[in-house]
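# Summary of structural features
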Amino acid sequence: MNFPKFLVASVAFYAIVQVLSMLGIFNGYMMIIINKSLIYVILAVSLNLINGITGQFSLGHMGFAAVGAYVSGTITTLFFKLRAPREFSLDALPAELVFFCAIVVGGLVAAFIGVLIGFPSLRLKGDYLAIVTLGFGEIIKSVINGIDYVGGPRGLLGIAPFSNFTVIFIFAFLTIVIIRNVIESSHGRAMLAIRENELAADLAGVDSTRYKVTGFAMGAFFAGIAGGLLAHLIQMAHPTQYGFLASAMVLILVYAGGMGSLTGSIIAAFLLTFLTEALRLGVDWVHEITKLPIGTEWTMVIYALLLILIMLFKPDGLMGMREAKILQLGRKHA
Amino acid sequence: MKAYTKFVAIGAIALGLGIGMAACSSGPKEIVIGGVGPVTGEAATFGVSTKNAYEMAIAEWNANKGINGKQLKLVFADDKGDPTEGATVYTKLIQQDKVVAIVGTVMSKVSLAGAPICQSSGIPMISPTSTNPKVTEVGDFIFRACFIDPFQGTVGAQFAFNDLGAKKAAALFDSGNDYAKGLSEFFKAKFEELGGAGSVVAFEGHASGTTDFKAQLTKILAAKPDVLYVSDYYQDVALIAKQARELGFKGPMVGGDGWDSPDLVKIGGAAVENGFFTNHYSAEDTRPIVQDFVKKYTAKYGAAPDALATLGYDAMTLMLDAIKRAGKTDGKSIRDALKAADLAVVSGQVKFDASRNPVKSAVIIEIKDGKQVYKTTVNP
């Protein structure tokens, strides 16, 4: 990975968005779209590590996001409750620190659960992980519904709005850098070997179970981070946000971008999030001009149509397995 | 290099969107109102009724010269029944479309995502149908047009005790659904207050998604209740009614607005006869405002308005009335006017209490010969 160039590009992106936001050219609506895109970047890149790089198939990625959202949301709301009488300033360091720790703890708990369910199912070859993660996604929803302390079916409410563009950007940047570096390390080579041929990797001395579980837990960790950020962005967490459909949405990002390509995941996360909003504005605009009976419900039809077109003309996703220069593997890559 | 081109292309699209968004703001001649509802997703039928009602109310006010000579413009946004999407569209309406007020949305969980945004931006919001008490607790800019869950349970108990003359009651509910559970708990509390401790002889929960209720019903019927309170949604209610009648229960059954569906009679048949439920309005109510609304809605959309359409229409009417009385379009003035509302709308005479919930009457509807028949109006 060409780290200096990537750093420059990222800082440039951050600076441009910040300046445009300060100038008022990007309003709050634009910022929430960018923030959502960045959260989807974290989700898609981390799922890509599991599905694209290690070659496993996880269907419950949002289940880990739910764990992260509820754990970090509970920690920060509890912290606020304990210190409720004092007026809080969001700039105060301790509050920011608690938020940061809460997000990381959320990720760690998600990773721990990842190990728990990954260890038995990843020792086997085949599609067992898909079934187990699908079940996990539903189980975590039921468990949350059953816990009154976190609101049960009413959702966890009143989470402080800590997630802003800077925080989400930093986490997204770190996610990409860390996962990229993992792929570049000997661990990553082992994961790639498992994807290409697990039997051959085993014979070459790669402890396939260990690397599969490591990759899975790492993916779960970053999904937990993303969940925590999302909960602190929209100030609530609700079990229905983390169901199978939401997991499928992340899967779509990975496939549309290209399995195994981090660049693809990043592009797809931005492109599809922006596309949803562009269609919303576009359909409203067409309706305004032509007065045709096209309502906002048509956006989902066009969205689905565009997805089909992408998969028809780019069956390997937008990027296939290629990476942008600045994200490419260092020396000669496998 | 190709990837660079793509990055640049996306950047350009984003920038274009941003500038495009900054460029199109509406003229000062019209008042822009935001409307939110789920027209796609799991609650799509609710959203469509609500959207129809918003549009109808706006069209009527516009035909009537708008507000203080200014025409009204409705910007409707689809929340897909998802809180994340809800947060996005509330932000869009406030930041992008510069709405003066927002009417929406249907589901409590989505309203709860939108309410903090309205509160921190100082934009008044009224939800037509979010019954979760927490919605208006978010802040003083948040209102609702429907009664909350505790009220229905209480009214159901009053009706069962006073009008049906029941001395012993039993309740059966879906313990995985906070709406059903809440209604039954408040029914029990009120009934025991009226009939004394122990007058609720059985209080049974069942798991979500069950279709066989005979175990619970056998236990309930052994306690010989005069009335059975069932606070589930209509699919479960129909099955429970069938099985209760099979087991020999002949008394009346009472429930909440979850019963309000034509499918209740289709599935339940004769078993749901002698059933009563609390609802927001009845199409048979003889008040002229109700009959007028039903006629106009039916003429425009080809179907009688359901409770969601009615509450959507009422919520919009309350908001527009407040804007008119405020005479200004800043959030604080509209909020103060809305707080002081005392208006006859389709679902009754509405005033807001201190926590911005409406104080209004409920109607009791009876299932008679396979039809919903207006029985009585209960005042709080």
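See above for the structure.
Everything in this summary refers to the structure shown in the same document.

What counts and what doesn't
- Residues numbered from 1 in each chain as written.
- Chains lettered and ligands numbered in written order.
- Predicted model: local features only at pLDDT ≥ 70, side-chain atom pairs only at ≥ 80, totals over all residues.
- Helix = DSSP H or I, 4+ residues; strand = E, 2+ residues; numbered from the N terminus.
- Buried ≥ 20, exposed ≤ 12 C-beta atoms within 10 Å, placed from the backbone.
- Contact = placed C-beta atoms within 7 Å.
- Nonpolar A, V, L, I, M, F, W, Y, C, P; charged D, E, K, R; others polar.
- Arc of directions from axis to C-beta.
- Core = buried A, V, L, I, M, F, W, Y, C linked by C-beta atoms within 7 Å.
- Domains from an automatic or database assignment.

All names here are of chain B. By the secondary structure assignment, Gly156 is in helix 6 (residues 149-163). The exposure class assigned to Gly156 is buried, which follows from the 31 C-beta atoms found within 10 Å. Gly156 sits 208 residues away from Ile364 along the chain, and the two C-alpha atoms are 8.5 Å apart.

Further remarks concern helix 7 (residues 186-196) of chain A. Listing the buried residues of helix 7 of chain A in full gives Gly188(A), Ala190(A), Met191(A), Leu192(A), Ala193(A) and Ile194(A). Against helix 2 (28-53), helix 6 (165-184), helix 8 (198-203) and helix 9 (208-234) of chain A lie the buried residues of helix 7 of chain A.

Taken together, the contacts link 34 residues of chain B with 33 residues of chain A. Secondary structure elements with two or more residues in the side of chain B that touches chain A: helix 1 (2-23), strand 2 (71-78), helix 3 (83-96) and helix 4 (108-121) of chain B. Top element by residues in the side of chain B that touches chain A is helix 1 of chain B. It accounts for eleven residues. Of the residues belonging to the side of chain B that touches chain A, the class tally is 17 nonpolar, ten polar and seven charged.

A word on helix 8 (residues 214-222) of chain B. Residue and element names in this part refer to chain B. Here helix 8 has its buried residues at Gln216, Leu217 and Ile220. Along the long axis of helix 8, the arc covered by the buried residues comes to 95 degrees, so they all point the same way. Helix 8 presents Ala215, Thr218 and Ala222 as exposed residues on the side facing more than 90 degrees away from its buried surface.

The next thing to look at is the nonpolar core. A general tendency of soluble globular proteins is for nonpolar side chains to be buried together. Counting residues in each nonpolar core, the largest one holds 216 residues, and the members touching the most others are Ile42(A), Ala44(A) and Met319(B). Here this core spans two domains, and each of domain 1 (10-147 + 288-361) and domain 2 (150-279) of chain B adds at least three residues to it. Ala44(A) has contacts with Val250(A), Leu253(A), Val254(A), Gly257(A), Ser265(A), Ala268(A) and Ala269(A), leaving out every residue within four places of it along the chain.

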